[in-house]
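# Working through the structure, step by step
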Amino acid sequence: MQLLGNWIPTRMRAISHPAEFIRSLGVQGWRELIYDYIMWGILVLGFIALVPSVWLSFSSGEYGLGLFNLIVYSAALILARNRGWTFSLRVLILLTLIVSIGLVVFSVTGAQGAGLYWLFAVPPLAALLLGIMQGFGFMGLNAFILVGIGYLITTGFAEFPGMASFSATGWMVIAVNFMVTNMVVTVPLGRLMGGLVTSAGVVQETAAMNEIIVTSSPTGILAYEAESGQCILANQAAADMVGATRELLLAQNFREIASWDPSGLLTYAEATLLTGRRSQLDTRFMTTFGKSVYLHCEMARFERGGQAHLLLSMSDISEINQAKEDLEAHVADLEAISAVSAALRDADSLNRMLPALLDSALKVLDVETGSVWLYDKATDMVQVAYAKS
């Protein structure tokens, strides 16, 4: 019951959220999933067939076959409950059970039963769950079994009633076709899973590299779900810029951040999600964590799992902006000096120079009144040389 309780919610999630479930599984996860479906198919369908099969076996005097059915089903139950065993061991035990079912059913029912079908299923399952080399191994086992059965048929061995209906020639044709079709099914499945394993490794390496890049980037990076507004990604650079921790940022909803509305970020975010066009702005504001920042922000919409998301990248431009302001102030000073110098160059006497000097100085200082004072060396005093009121 505990195993069933864990299995059902997981499979319901695979049905209700297939994209999310697929992303959560690697190749090994899919192998586990396929194994689980096989096991539960055996347990459920096997139970339905078990009762009448055992009853018919005992009723017809086939006590060995009835006992075999009970043993196999009990072994399947034990195998399903022992999740602590390694995956490879569980698969090998399962395949061994299937081989044993095929041999016993064929020996009793021959061409009328499903024994060969059980044997046929083993190599493809081995290639799917364990790899192509294991698939080849079980194909070899099937070839050995078929040759052994052919030998018994050729020597007239009559202990197993299922073999009595075969001739040596007829069995050779069946065996060759069995092995060819078995290979046709097994090899592609094995190659497919081998390719998926390789591709999954490349994807994992790429994902790990992307995570390192995002985590180590000096640019602040944040991602939000468009519908809910919940933050799903925040790197350390973003946390440092706004004076927070990554955990605090991940707990935020961008539509509920108090500083986003007055700073213009919320307006740009909604416009980006609505139109799908990239947007950028430079904004100075006080973050919700009490830090004054001047940021260059770029926003873009992206799709993930069929859902729209908002990507925000931030760069701290406080130092750049301060340097820009300092440069503009320095340029203004130089322009003022240049203006005064030009006025002085145009004057050809002190009487004309002083008014020009004062007018230029008042204009630079943006005031209306002022005066120019000169130092008289003879009297050791300063006096007004020119004034404007």
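Look a little higher up for the structure.
### Some details on the overall build of the protein
- Counting its regular elements, the protein contains 14 helices and seven strands.
- The buried share of the protein, taken over its 389 residues, is 34%.
- In the protein, once contacts between residues fewer than 6 apart in sequence are set aside, the share between residues at least 24 apart is 49%.
- Taken as a whole, the protein presents about 23,200 Å² of accessible surface, with 64% of it coming from carbon and sulfur.

### A short note on the packing of aromatic side chains
- Per the stated rule, a full pass over the model turns up nine aromatic pairs.
- Arranged with centres 6.3 Å apart and planes meeting at 45 degrees, the rings of Phe-47 and Tyr-73 form a pair that is tilted. Within this pair, whereas Phe-47 is found in helix α3 (residues 27-59), its partner Tyr-73 is found in helix α4 (residues 63-81), the two being separated by 26 residues in sequence.
- Seen in terms of ring centroids, Tyr-224 and Phe-254 are 5.4 Å apart; in terms of plane orientation they differ by 70 degrees. Their pairing is edge-to-face. Taken together, the residues Tyr-224 in strand β1 (residues 220-225) and Phe-254 in the loop between α10 (246-250) and α11 (260-263) connect sequence positions 30 residues apart.
- Taking relative accessible area as the criterion, Tyr-224 reaches 1% and is therefore assigned buried.
- Taken together, the ring pairs in this structure connect Phe-106, Phe-166 and Trp-171 into an aromatic cluster.

### Here's the deal with the pairing of strand β2 (residues 231-234)
- As paired elements, β1 and β2 share three bridges and run antiparallel to each other. The partner of Leu-222 across the bridge, within β2, is Ala-234.
- As consecutive antiparallel partners, β1 and β2 are separated by five residues, and within that stretch Gly-229 has a phi angle of approximately 85 degrees, a positive value.

### Describing the layout of surface pockets
- Looking at the largest pocket, its volume works out to about 610 Å³.
- Elements with a minimum of two residues in the lining of the largest pocket: α3, α4 and α5 (87-109).
- For the lining of the largest pocket, the per-class residue count stands at 17 nonpolar, seven polar and one charged.
- If you add up the space inside the second largest pocket, you get close to 200 Å³.
- Every residue lining the second largest pocket is listed: Ala-143, Leu-146, Val-147, Gly-150, Tyr-151, Thr-154, Ala-168, Trp-171, Met-172, Ala-175 and Val-176.
- Secondary-structure elements contributing two or more residues to the lining of the second largest pocket are α7 (132-154) and α8 (168-216).

### A look at the packing of α3 against helix α6 (residues 115-129)
- Following both chains from N to C, one finds α3 and α6 inclined at 145 degrees, their axes separated by 9 Å at the closest point. Contacts between α3 and α6 involve Arg-31, Ile-34, Tyr-35 and Ile-38 from the former and Leu-125, Ala-127, Leu-128 and Leu-129 from the latter.
- When grouped by side-chain class, the residues that make up the contact of α3 with α6 number seven nonpolar, no polar and one charged.

### Quick word on the sheet that holds strand β4 (residues 292-304)
- Taken in spatial order, the five strands line up as β2-β1-β5-β4-β3 in an open sheet, and their pairing is antiparallel. Each end of this open sheet is capped by a strand with a single partner; those strands are β2 and β3 (279-286). In this sheet, neighbouring strand axes are inclined to one another by 25 degrees on average, regardless of whether the strands run parallel or antiparallel.

### Quick notes on empty space enclosed by the protein
- Applying the stated criterion to the full structure yields two cavities of 30 Å³ or more.
- A volume near 120 Å³ is recorded for the largest cavity.
- What lines the largest cavity is a set of 15 residues, among which Val-242, Leu-249, Gln-252, Ile-257 and Trp-260 lie closest to the centre.
- In terms of residue class, the lining of the largest cavity is built from eleven nonpolar, four polar and no charged.

### Some remarks on the pairing of β1
- Burial within β1 is extensive, with five of its six residues counted as buried.
- Alignment of β1 against strand β5 (residues 307-316), held across six bridges, turns out to be antiparallel. Counterpart to Glu-225 in the pairing with β5 is His-309.

### Quick look at the environment of Leu-119
- You can see Leu-119 is positioned in helix α6.
- Each C-alpha atom, one on Leu-119 and one on Leu-95, is 9.3 Å from the other, the two residues being 24 residues apart in sequence.
- Setting aside residues no more than four positions away along its own chain, Leu-119 makes contact with Val-99, Gly-102, Leu-103, Asn-142, Ile-145 and Phe-178.

### Examining α4
- A rise of 1.5 Å per residue sets the reference length of α4, with its 19 residues, at 27 Å; its end C-alpha atoms lie 27 Å apart and thus fit the reference within 8%.
- Those residues of α4 that fall on the buried side of the exposure criterion are Gly-66, Phe-68, Val-72, Tyr-73, Ala-76, Leu-79 and Ala-80. Taken around the axis of α4, the buried residues stretch over an arc of 160 degrees, which confines them to a single face. Exposed residues pointing more than 90 degrees away from the buried face of α4 are listed as Tyr-63, Gly-64, Ile-71 and Arg-81.

### Here's the deal with α5
- Taking 1.5 Å as the rise per residue, α5 with 23 residues should run 33 Å; its terminal C-alpha atoms sit 33 Å apart, in good agreement.
- All of the buried residues along α5 are Phe-87, Arg-90, Val-91, Leu-94, Leu-95, Leu-97, Ile-98, Val-99, Ile-101, Gly-102, Phe-106 and Ser-107.
- Once α5 finishes, Gly-110 follows within two positions and takes phi at roughly 65 degrees, a positive value.

### Side note on the nonpolar core
- Of all hydrophobic cores here, the largest spans 38 residues; its most connected members are Tyr-35, Leu-95 and Trp-171.
- Breaking this core down by element, the ones donating at least two residues are α3, α4, α5, α6, α7 and α8.
- Once you skip the residues sitting within four places of it in the chain, Leu-95 turns out to touch Val-122, Leu-125, Ala-126, Leu-130 and Phe-138.
- Core analysis: the second largest hydrophobic core is formed by 27 residues, Ala-239, Phe-254, Leu-265 and Leu-273 among them.

Rules behind the numbers
- Residues numbered from 1 in each chain as written.
- Predicted model: local features only at pLDDT ≥ 70, side-chain atom pairs only at ≥ 80, totals over all residues.
- Heavy atoms only, no water.
- Helix = DSSP H or I, 4+ residues; strand = E, 2+ residues; numbered from the N terminus.
- Buried < 20%, exposed > 50% of the residue type's maximum accessible area, 1.4 Å probe, protein only.
- Contact = heavy atoms within 4.5 Å.
- Areas by Shrake-Rupley, 256 points an atom, 1.4 Å probe, with all protein chains shown as cover.
- Phe/Tyr/Trp six-rings, centres within 6.5 Å; stacked < 30°, edge-to-face > 60°.
- Pairing = 2+ DSSP bridges.
- 1 Å grid on protein atoms, 1.4 Å probe; cavity = no way out; pocket = protein on both sides within 12 Å on 5 of 7 lines; lining within 4 Å.
- Points joined across faces, edges and corners; volume = space filled by probe spheres on them.
- Nonpolar A, V, L, I, M, F, W, Y, C, P; charged D, E, K, R; others polar.
- Axes fitted to C-alpha atoms, helices over the stretch in contact; angles between N-to-C directions.
- Expected span 1.5 Å × (residues − 1).
- Arc of directions from axis to C-beta.
- Core = buried A, V, L, I, M, F, W, Y, C linked by side-chain atoms within 4.5 Å.

So yeah, pure geometry; function would need other evidence.
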